[in-house]
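# Results of the structural survey
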Amino acid sequence: MKQLLPEHTDAAYELPIFRGTERVLEGILLNAFQGHWVSHPLATRLAENKLVQLHAAKRAGLRIPATLVSQDPVHIRRFCAAHPGAIIKPVATPRGVELASTAVVSQELLDNEEALALTASIYQECIPGTRHLRISVALRWCAHRGRGTRLAV
């Protein structure tokens, strides 16, 4: 569920409001919930972080595209020159906040020093393809399109 803010809320306060509300809810749940978690909130927050995801994928032996995490315009431009068609994505997106999703790095962005330096983002070589798989692994089970497979770990 997305939190709705009053119509005239200053945009500079939106993210702190969303984050504060999220932390209040998380704190209440962590302190008051007495049951068993299916997905613990702290584990979920870690899992939503793309740097953690990349590290887990690498440990699992998956091929990882060339990757740069930076807000240094010089490094970003050098990386994108070495990887034409590179993509950009946020490291993590707070729940309830709609930010730009994965996109091809444009020349307009590369020319905008202030935008590049604003926050660290993930830049990756683009791996062309027409088939994309989303696979979830829980303990020793792998699920893809509703079929479960026991993993030899």
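The shown structure was predicted, so the numbers you read here are calculated from the model rather than taken from an experiment. (Residues numbered from 1 in each chain as written. Predicted model: local features only at pLDDT ≥ 70, side-chain atom pairs only at ≥ 80, totals over all residues. Heavy atoms only, no water.)

## Regarding the overall build of the protein chain
Tallying secondary structure elements over the protein chain gives 6 helices and 7 strands in all. Starting at the N terminus and walking to the C terminus, you meet the elements of the protein chain as α-α-α-β-α-β-β-α-α-β-β-β-β. In the protein chain, which comprises 153 residues, the proportion classed as buried is 19%. Carbon together with sulfur atoms contributes 59% to the accessible area of the protein chain, which is approximately 11,900 Å² in total. (Helix = DSSP H or I, 4+ residues; strand = E, 2+ residues; numbered from the N terminus. Buried < 20%, exposed > 50% of the residue type's maximum accessible area, 1.4 Å probe, protein only. Areas by Shrake-Rupley, 256 points an atom, 1.4 Å probe, with all protein chains shown as cover.)

## What about the nonpolar core?
Counting residues in hydrophobic clusters, the biggest one holds 10 residues: Leu68, Ile76, Phe79, Cys80, Ala86, Ile88, Val105, Leu110, Leu116 and Tyr123. Here the element with the most residues in this core is helix H4 (residues 73–82); it accounts for 3 residues. (Core = buried A, V, L, I, M, F, W, Y, C linked by side-chain atoms within 4.5 Å.)

## Considering the sheet that holds strand E2 (residues 87–89)
Judged by pairing direction, the sheet is antiparallel, and its 4 strands sit side by side in the order E1-E4-E2-E3 without closing on themselves. Of all strands in the sheet, those with a lone pairing partner are strand E1 (67–70) and strand E3 (103–104), marking the two edges. Across 4 bridges, the pairing between E1 and strand E4 (residues 121–124) is antiparallel. What sits directly across from threonine 67, in E4, is glutamine 124. Along the sheet face, helix H3 (residues 50–59) touches E1, E2 and E4 and points at about 40 degrees away from the line of E4. Against the sheet, H4 makes contact with E1 and E4, and its axis sits at roughly 165 degrees relative to E1, the strand it touches most. (Pairing = 2+ DSSP bridges. Contact = heavy atoms within 4.5 Å. Axes fitted to C-alpha atoms, helices over the stretch in contact; angles between N-to-C directions.)

## Examining the side chain of serine 70
Following the sequence through the fold, serine 70 ends up in strand E1. Note on serine 70: relative accessible area 9%, which makes it buried. Within the structure, the side chain of serine 70 is placed 2.8 Å from the backbone nitrogen of aspartate 72, a separation counted as a polar contact. If we ignore the near neighbours within four places in the chain, the residues touching serine 70 are His75, Ile76, Thr119, Ala120, Ser121 and Tyr123. (Polar contact = N/O pair within 3.5 Å; in protein donor to acceptor, adjacent residues only side chain to side chain.)

## Regarding the pattern of salt bridges
Tallying each qualifying case throughout the model produces 3 salt bridges. With a shortest N-O distance of 2.8 Å, glutamate 22 and arginine 23 are connected by a salt bridge. For glutamate 22, a relative accessible area of 17% puts it in the buried group. Here arginine 45 makes a salt bridge to glutamate 26, at a shortest N to O gap of 2.6 Å. Residue arginine 45 is located in helix H2 (residues 41–47), and its partner glutamate 26 is located in helix H1 (residues 11–32); the two are separated by 19 residues in the primary sequence. (Salt bridge = Lys/Arg side-chain N within 4 Å of Asp/Glu carboxyl O.)

## Some points on the confidence of the model for the protein chain
The pLDDT averaged across the protein chain works out to 81; a share of 81% of its residues lies at or above 70. Confidence scores differ between elements of the protein chain, with strand E7 (residues 147–150) showing the lowest mean pLDDT of 51 and H4 the highest of 98. (pLDDT = per-residue confidence, 0-100.)

## Description of H3
The N-cap of H3, judged by a side-chain oxygen 2.8 Å from the amide nitrogen of leucine 51 a few residues on, is asparagine 49. Immediately downstream of H3, the backbone of glycine 61 shows phi near 90 degrees, a positive value.

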